[in-house]
Amino acid sequence: MIQNATRRLVLNMHEARPLYSVPEWAVEEIRAALPDGWELTVVTEPGSGRGDGGEAPDASAAIAAVRGAEAYVGFGVPEPVFRAGTEGPDARLRWAHTGSAGVGAALYDAMRGSDVVLTNSAGIYAEPMADTVLAMMLHFSRGIDFAVRAQAQSRWDEAPFDAADAPVRELAQCTVGIVGLGGIGRAVARRGVALGMTVVATRRRGTEGPEGVEVVSGADALDRILPRSDFLVLAVPQTDQTRAMIGARELAMLPDGAVLVNVARGGVVDEAALVDALRGGRLRGAGLDVFSREPLPESSAFWGLPNVLVLPHVSGASHHFWRRQTDLVIGNLRRYAAGEPLLNTVDKQAGY
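Quick caveat, the model's predicted, so the values are computed rather than measured.

Calculation notes
Residues numbered from 1 in each chain as written. Predicted model: local features only at pLDDT ≥ 70, side-chain atom pairs only at ≥ 80, totals over all residues. Heavy atoms only, no water. Helix = DSSP H or I, 4+ residues; strand = E, 2+ residues; numbered from the N terminus. Rg over C-alpha atoms; globule rule 2.2 N^0.38 Å. Buried < 20%, exposed > 50% of the residue type's maximum accessible area, 1.4 Å probe, protein only. Contact = heavy atoms within 4.5 Å.

Engineer: What exactly am I supposed to notice about the overall build of the protein chain here?
Structural biologist: Secondary structure assignment for the protein chain yields twelve helices and twelve strands. Taken over C-alpha atoms, the radius of gyration comes to 22 Å for the protein chain, in line with the 20 Å a tight globule of 352 residues would show. For the C-alpha atoms alone, the extent of the protein chain along its principal axes is close to 75 × 45 × 35 Å. Counting the 352 residues in the protein chain, one finds 52% classified as buried. Considering only contacts within the protein chain whose residues lie at least 6 apart along the sequence, 66% involve residues at least 24 apart.

Rendered as structure tokens:
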């Protein structure tokens, strides 16, 4: 660690959207947790916490603040901010934390090649996102989509529920396949187990998982769970290995009447193939919170498909996430000051 008279942490988590702008109590808790010899610099100009953390229209305040700082906490780590903290005579940046779970936007060459420790907020958004996944599964399993459409037309329509081939079912009779058993995947798995579902999940390494969850690993893990998944939940980071991992071939391996739920990143799905599969009628539907282009263009076919539930990348919305975010930042601040390994350290080469 660099020893200097005053060590600084920069907090850059004000946002234009009120729910995502750091509350004053969180700022004060972080300030109170600073070790002796540290001070806090707070950037008050709003940035962007969308996706992996975007750049503010004018990042000059953050750039000025990070010069000479040893630690930086923001929504994403924009490259100009990173360079201001790592280049020049005042370069002291050793730890950068992004308040997002995804880190793709922060993995530019300068970051990958540096010795700056990068941490993220994986798991912070898991609980509300898992609630949203559950809501999406119920939306299709209980025919809520039929009721919503009928209500919009002031129609009392029992037919979709009464038909011999009605696609309504009980979750306890279904299998949920979870692609990625990280924080989000585990939270979904806990809910599935609690509701009596059969839960099977892929994991890159190892076969241990939460109680009641069958974990599948290996090169053929995805192929092994697809034919079993009445609900397929995507909860993986977007990397070179996961980009377009769900295409026409994979969709064809799902059981008839299956539902795809994507709360990962839009790029993990071949969206054209998904549109074709949904139009073909073999899939019951898709619950989508993320898309390859955001905002979703008005021309997108997803808007007009009756078996698609579109959310505008809001599955992580929650008032409570600031408690978890603050606890993570404070915990890592204490670990950093003590020279201990940090929680949620990103493997910059693997991409998550």
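Engineer: Help me out: how do you make sense of unusual backbone geometry in this one?
Structural biologist: Look at the link from E294 to P295: it is a cis peptide, with omega at 0°. Following the sequence through the fold, P295 ends up in the loop between β11 (285-288) and β12 (308-310). With a phi close to 55°, S154 is a non-glycine residue in the positive phi region. Looking at the secondary structure, you find S154 in the loop between α6 (144-152) and α7 (159-162). Unusually for a residue other than glycine, A244 sits at a positive phi of about 55°.

Engineer: Can you walk me through helix α11 (residues 271-280) in this structure?
Structural biologist: Helical periodicity: at 3.6 residues per turn, an α-helix aligns residues three or four positions apart in one direction. Taken as a whole, α11 has its buried residues at E271, A273, L274, V275, A277 and L278. A positive backbone phi angle near 90° is found at G281, which sits one or two residues after α11.

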